[in-house]
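# Remarks on the overall topology
So the chains spell out like this:
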Amino acid sequence: MNTEREFDIVLYGATGYSGRLTAEYLARQGAQARIALAGRDTGRLRAVRQALGPAAQDWPLLVADASQPSTLAAVAERTQVVVTTVGPYAQYGLPLVAACATAGTDYADLTGELMFVRDSIDLYHKQAVDTGARIVVSCGFDSVPSDLNAYQLYRRAVQDGTGELTDTTLVLRSFNQLGASGGTVASLLGTMRTASGDAQARRIINDPYTFTTDREAEPELGRQRDFGWRRGRNVAPELDGFWVGGFVMGPYNARIVRRSNALQDWSYGRRFRYAEALSLGRSFAAPVASAIVTASLGAANGLGNRYFRRLPRRLVELITPKPGAGPGVAARKRGYYTVETYSTTTTGARYLATFGQNCDAYQGTSVLLGESGLALALDRDRLSGLRGVLTPAAAMGDPLLARLAAAGVSVRTTRLG
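Sequence order as written defines the numbering, with residues in each chain counted from 1. The model is predicted, so local features are restricted to residues of pLDDT at least 70 and side-chain atom pairs to those at 80 or more, both for listing and for counting; the totals for chains, interfaces and linings are taken over all residues. Hydrogens are left out, water is left out, and the side-chain values use all remaining heavy atoms of the structure.

For the rest of this paragraph, the subject is the overall build of the protein. Summing up its helical and strand segments, the protein has 15 helices and 14 strands in all. Each residue is assigned to one of three classes by its accessible area relative to the maximum for its type, calculated with a 1.4 Å probe on protein chains only: buried under 20%, partly exposed between the two thresholds, exposed over 50%. Per-residue burial over the protein gives 57% buried out of 417 residues. We call two residues in contact when some of their heavy atoms are within 4.5 Å. Summarising the internal contacts of the protein: among those between residues at least 6 apart in sequence, 79% fall at separations of at least 24. Areas reported here follow the Shrake-Rupley algorithm with a probe of radius 1.4 Å; residue values treat only the protein chains shown as occluding. Roughly 17,200 Å² of accessible area belongs to the protein as shown, and the carbon and sulfur atoms make up 51% of that amount. Only DSSP runs of H or I with at least four residues qualify as helices, and only runs of E with at least two residues qualify as strands; both kinds are numbered from the N terminus onward.

Below, the structure is given as structure tokens:
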């Protein structure tokens, strides 16, 4: 372990909803790491630490505020890894990315905000490459299941010698999620607000190649896949008779997965095509649901991104959850999800990768983010040699898969034919 810096992990934003869950996870599983908590209010940080139990009582508390970049720089210089849950990232995230890129400090976040990631790439990718920093975005439910399932498929095809991946579709097969956190809603609304007031941002958001390293190297996706979602029937031979509709996070997740392929020198394949879908069953109502769900997402993407700024801000605040709020303990325990990713290789082999957790997406995210931070801090000799603004698969592939399996996440790949 590299001990040149004072800490292995600093968790920034520990007093927020996702921050508290991640702190609880690290207190249970991070015994090998030197951990500190960071945020604006020492009193609130102390209260969080007190609630974490004996394992965390010696964790130092650091004052850091996105409005004071010097405090972020001071934190980044003291640690190997900064794990941040402070969003909306478009509003608060770039100063921390800048601090980590400057200090050569690894970084992991929970963002699902397209413009934030694009800005991070444009402004700090080259600097992070030069300083040796890994700026790893989207280390939660968005987009670890999507990213690591595609990575699993690639690794299995290499192992079997069955060629490169081609058409690949993730299907959200089962899901129980009660409620959304205030932070998640704020991030979504922030993206819509930016797009509705900025035509250039709207063009970037509507471009399926937003995160790619080389547009000319990407295959044409086709109309349904342009926004990262699928609809219709029989999207995989193994799902005969099942109807699917667009999955709300498909457009964002698809860009992350495509960036993973590009960053790894197109190792998944030059003909790799990827999209996501929501399973709607095979009842008589499923075709109608498929059309309605996908059309609604298209309308939300088009009309919402264009006209959201016209909604009264006070009205939006009244009907959305407050920052720091989210599903309670019972709801998180009742939650679960399973995603299945189907792919065909260039030799015609068929594979299925699965990824699931027996908890809701927020509790699950604390595991995914916590293990991402631990992988960056403790598995440094087994990480990829890539630096810059990275995806989970490109930065941490095999070590993170191993960690998640050991943490109880269901991950496996099956050859279908």
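Still to come is the rest of the account.
A few words now on the sheet that holds strand β6 (residues 134–136). The strand order across the open sheet formed by 7 strands is β3-β2-β1-β4-β5-β6-β13, and the pairing between neighbours is parallel. Every interior strand has two partners, whereas the edge strands, β3 (61–63) and β13 (388–390), have only one. The mean angle between the axes of side-by-side strands here comes to 20°, regardless of whether they run parallel or antiparallel. Pairing between strands requires that DSSP locate at least two bridges from one strand to the other. Across 3 bridges, β6 lies against β13 in parallel orientation. If you follow I135 over to β13, its bridge partner there is V389. In this analysis an axis means a line fitted to C-alpha atoms, helices contributing only their contacting stretch, and an angle means the value between N-to-C directions, from 0 to 180 degrees. Along the sheet face, helix α14 (residues 361–378) touches β1 (7–12), β4 (79–84), β5 (106–108) and β6 and points at about 165° away from the line of β4.

Moving on, we get to empty space enclosed by the protein. Picture a little ball the size of a water molecule; that probe, rolled over the atoms, points out where space is still empty. The definitions used throughout rest on a 1 Å grid laid over the protein atoms alone, on which a cavity is an enclosed set of points accommodating a 1.4 Å probe that cannot get out and a pocket is an open set flanked by protein within 12 Å on both sides along at least five of seven lines; lining residues are those having an atom within 4 Å of a point. Grid points are joined across faces, edges and corners, and a volume is the space filled by probe spheres set on the points. The full count for this structure, using the stated rule, is 1 cavity of 30 Å³ or more. The volume enclosed by the largest cavity comes to roughly 50 Å³.

The next subject is the sheet that holds strand β11 (residues 336–345). Strand order in the open sheet formed by 7 strands is β8-β9-β10-β7-β11-β12-β14, and the pairing between neighbours is mixed. Two strands close off the open sheet at either side, each with one partner strand: β8 (232–233) and β14 (410–415).

A word on helix α10 (residues 250–263). Every helix has an expected span of 1.5 Å times one less than the residues it contains. Given a rise of 1.5 Å per residue, 14 residues ought to cover 20 Å, and the 20 Å separating the end C-alpha atoms of α10 matches this to within 8%. Among the 14 residues in α10, 14 count as buried, and that is most of the element. D265 lies just past α10 and shows a positive phi near 55°.

This brings us to the packing of α14 against helix α15 (residues 392–406). For the pair α14 and α15, interaxial distance at closest approach is 9 Å and the crossing angle is 125°. Considered as vectors, α14 and α15 are oriented oblique to each other. Classified by chirality, the crossing of α15 by α14 is right-handed. Together, V367, L368, E371, S372, L374, A375, L376 and L378 of α14 and M396, L400, R403 and L404 of α15 make up the contact between the two elements. Orientation categories follow fixed angle ranges, with anything under 35 degrees roughly parallel, anything over 145 roughly antiparallel, 65 to 115 roughly perpendicular, and all other angles oblique. Take the far helix as the reference: if the near one is turned anticlockwise from it by less than a right angle, the crossing is left-handed, and if turned clockwise, right-handed.

Moving on, we come to the packing of aromatic side chains. Paired rings are identified among Phe, Tyr and Trp, the last through its six-membered ring, by centres lying within 6.5 Å, and are further divided according to the angle between planes into stacked (under 30 degrees), edge-to-face (over 60) and tilted (the rest). Counting across every chain of the model gives 9 aromatic pairs. Look at Y17 and Y362: their rings are 5.6 Å apart centre to centre, the planes differ by 80°, and that puts the pair in the edge-to-face class. You can see Y17 sitting in helix α1 (residues 17–29) and its partner Y362 sitting in helix α14, a full 345 residues away along the chain. Y362 matches Y17 in its accessibility class, with the two residues each being buried. Through a chain of ring-to-ring contacts, the aromatic side chains of Y151, Y154, Y268, F272 and Y274 assemble into a single cluster. Sitting over the ring of F242, R173 keeps its end group 4.8 Å from the ring centre. Two thresholds decide whether a charge sits over a ring: the Lys NZ or Arg CZ must be within 6 Å of the ring centre and within 35 degrees of the ring normal. The ring of Y209 has R215 lying over it, and the distance from NZ or CZ to the ring centre is 3.6 Å.

So, about the pairing of strand β2 (residues 35–39). For β2, the buried fraction is high: 5 of the 5 residues fall into the buried class. With burial as the criterion, each face of β2 is covered, one bearing I35, L37 and G39 and the other bearing A36 and A38. Relative to β2, β1 runs parallel, the two sharing 4 bridges. Along β2, the bridge assignment pairs L11 with L37.

Note that all results are geometric; they support no functional claim without further evidence.
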